[in-house]
Amino acid sequence: GEQVEQRPPHLSVREGDSAFITCTYTDPNSYYFFWYKQEPGASLQLLMKVFSSTEINEGQGFTVLLNKKDKRLSLNLTAAHPGDSAAYFCAVSGGNNNRIFFGDGTQLVVKP
Amino acid sequence: DAGVTQTPRHEVAEKGQTIILKCEPVSGHNDLFWYRQTKIQGLELLSYFRSKSLMEDGGAFKDRFKAEMLNSSFSTLKIQPTEPKDSAVYLCASSFLDYAEQFFGPGTRLTVL
């Protein structure tokens, strides 16, 4: 089945710096891709969903890049601030059903 | 719109007890998922229902974990008997057919003594 590898497991940056997280997956038929954010003590919150072949999506303070050729999904938090400190999870779906395969998460700490 | 609701938010059980966790998916969602989240293992799928039918039953969890979906708006996860290694956060999520993104409930934090 699908395997999703997420790096790095831990990331510490200074306020104003960028934080870059990347995931690779194995199933070339994967169709939907997600980034979730989990703040301490809270549940997972959907940040963004992407499904085009190669796409850059910009959200509030972050950019998501999907490269289906390389089977790579990335999240770049630009100008990170302490409120971005959380765990971030990438997730991949095959499209046949709504089963989602999650990465192991990246614990991000943004220091003032 | 109400999101996914889970009760209780916290549960403390003695080893060997039976506990039942509850989940109400987003109204109209077809798919419901139960996950277990720990720091060591991350997110593990326990069960997956589509329109109340069991689609996946996490192999490693079959013996003491049983999820049921009695109707389209209510699901339970029973752990019987509980063991200390079951201490974790149990998350319920739902999604709408063909849209894939899952919406998560607040979770139930289970502590087994």
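Everything discussed here concerns the structure shown above.
Right, let's walk through the structure included here.

About the criteria used
- Within each chain, residues carry numbers counting from 1 in the order of the written sequence.
- Following the order in which they are written, the chains are lettered starting with A and the ligands numbered starting with 1.
- Local features in this predicted model are restricted to residues whose pLDDT is 70 or higher, and side-chain atom pairs enter the listing and the counts only when it is 80 or higher, whereas totals over whole chains, interfaces and linings include all residues.
- Only hydrogens and water are removed before side-chain values are computed, so all heavy atoms of the structure are retained for them.
- Only DSSP runs of H or I covering at least 4 residues are called helices, and only runs of E covering at least 2 are called strands; the numbering of each starts at the N terminus.
- The reference for a compact globule is 2.2 Å times residues^0.38; the radius of gyration itself is calculated from the C-alpha atoms.
- Remark: exposure states derive from per-residue accessible area (1.4 Å probe, protein chains only) relative to the maximum for the residue type, with buried under 20%, exposed over 50%, and partly exposed in between.
- Contacts are assigned to residue pairs with any non-hydrogen atoms lying within 4.5 Å of each other.
- For the accessible areas, the method is Shrake-Rupley and the probe is 1.4 Å, while residue cover comes only from the protein chains on display.
- Pairing of aromatic rings covers Phe, Tyr and Trp, the last through its six-membered ring, and needs centres within 6.5 Å; plane angles under 30 degrees mean stacked, over 60 mean edge-to-face, and all others mean tilted.
- At least two DSSP bridges between two strands are required for those strands to pair.
- Here an angle of 0 to 180 degrees is reported between the N-to-C directions of two axes, which are lines fitted to C-alpha atoms, with helices fitted over the stretch in contact.
- As used in this record, nonpolar core signifies buried Ala, Val, Leu, Ile, Met, Phe, Trp, Tyr and Cys residues forming a set joined through side-chain atoms within 4.5 Å.
- Joining two parts hides part of their accessible area as seen by a 1.4 Å probe, and the buried area is that hidden amount summed over both.
- A pair is scored as a salt bridge if a Lys or Arg side-chain nitrogen falls within 4 Å of a carboxyl oxygen belonging to Asp or Glu.
- Each polar contact in these results corresponds to two N or O atoms within 3.5 Å; when the atoms are within protein, one needs to be able to donate a hydrogen and the other to accept it, and residues that are neighboring in sequence are counted only if both atoms are side-chain atoms.
- Polar here means any residue other than Ala, Val, Leu, Ile, Met, Phe, Trp, Tyr, Cys and Pro, which are nonpolar, and Asp, Glu, Lys and Arg, which are charged; Gly is therefore polar.

**Things to note about the overall build of chain A**
- Scanning chain A from terminus to terminus reveals zero helices and eleven strands.
- Along chain A, helices and strands appear, N-terminal first, in the series β-β-β-β-β-β-β-β-β-β-β.
- Computed over the C-alpha atoms, the radius of gyration of chain A is 13 Å, within 12% of the 13 Å expected from 2.2 N^0.38 for a compact globule of 112 residues.
- Its C-alpha atoms give chain A principal-axis dimensions of about 45 × 25 × 20 Å.
- Classification of the 112 residues of chain A by burial places 45% in the buried group.
- Long-range pairs, those at least 24 residues apart, make up 54% of the contacts in chain A between residues at least 6 apart in sequence.
- Total accessible area on chain A is roughly 5600 Å²; 47% of this is exposed by carbon and sulfur atoms.

**A short note on the packing of aromatic side chains**
Residue and element names in this part refer to chain A.
- One pass over the structure, following the stated rule, counts twelve aromatic pairs over all chains.
- Here the aromatic rings of Y36 and F102 are separated by 5.8 Å at their centres, their planes lie at 50°, and the arrangement is tilted. In this pair, Y36 is assigned in strand 4 (residues 32-38) and F102 in strand 10 (residues 100-102), connecting sequence segments 66 residues apart. Judged on exposure class, the residue Y36 and its partner F102 are both buried.

**Considering the sheet that holds strand 8 (residues 74-79) of chain B**
Residue and element names in this part refer to chain B.
- The four strands lie next to each other as 1-3-8-7, forming an open sheet whose pairing is antiparallel. Taken across any chain shown, the strands that pair with only one partner, and hence form the sheet edges, are strand 1 (5-7) and strand 7 (65-71). Taking the axes of each pair of neighbouring strands and ignoring which way they run, one obtains an average angle of 20° across the sheet.
- In this structure, strand 7 lies alongside strand 8, joined through six bridges in antiparallel fashion. Along strand 8, the bridge assignment pairs F65 with I79.

**Re the environment of B:L110**
- Considering the arrangement of structural elements, one finds B:L110 in strand 11 (residues 108-112).
- When residues no more than four places from it in sequence are discounted, the contact partners of B:L110 are B:E11, B:A13, B:I19, B:I79, B:D86, B:S87, B:A88 and B:Y90.

**Some remarks on the nonpolar core**
- If you look at the biggest cluster of nonpolar residues, it comprises 24 residues, and the most contacted ones within it are A:W35, A:V64, A:L73, A:L75 and A:L108.
- Contributions of two or more residues to this core are made by strand 2 (10-14), strand 3 (19-25), strand 4, strand 5 (44-50), strand 7 (62-67), strand 8 (72-77), strand 9 (86-93) and strand 11 (106-111) of chain A.

**Let's talk about the interface of chain A and chain B**
- Across the contact, 16 residues belong to chain A and 21 residues belong to chain B.
- Between chain A and chain B the total buried area reaches about 1500 Å² when both faces are included, carbon and sulfur atoms providing 53% of it.
- Our enumeration of links across chain A and chain B arrives at two salt bridges.
- Of the charged contacts, one joins A:R99 and B:E56 as a salt bridge, the two residues approaching to 3.0 Å between their closest N and O atoms.
- Applying the counting criterion to the chain A and chain B interface returns five residue pairs in polar contact (both at pLDDT 80 or more).
- At the level of secondary structure, the elements contributing two or more residues to the side of chain A that touches chain B comprise strand 4, strand 5, strand 9 and strand 10 of chain A.
- Per-element accounting of the side of chain A that touches chain B gives the leading share, four residues, to strand 4 of chain A.
- A per-class count over the side of chain A that touches chain B returns eight nonpolar, six polar and two charged.

**Considerations on the pattern of salt bridges**
Residues and elements named next belong to chain B.
- For the structure shown, the criterion picks out ten salt bridges over all chains.
- A salt bridge links E83 to R64; the shortest N-O distance between them is 3.5 Å. With a gap of 19 residues between them, E83 in the loop between strand 8 and strand 9 (88-95) and R64 in the loop between strand 6 (53-57) and strand 7 connect regions that are remote in the sequence.
- Judged by relative accessible area, R64 falls into the buried class, the value being 12%.
- R64 is the salt-bridge partner of D86, the closest N and O atoms lying 2.6 Å from each other.

**Notes on the environment of B:S27**
- Relative to the assigned elements, B:S27 resides in the loop between strand 3 (19-24) and strand 4 (31-38).
- Accessibility expressed as a relative area gives 73% for B:S27, which makes it exposed.

Scope: geometric values only; no functional claims are made or implied.
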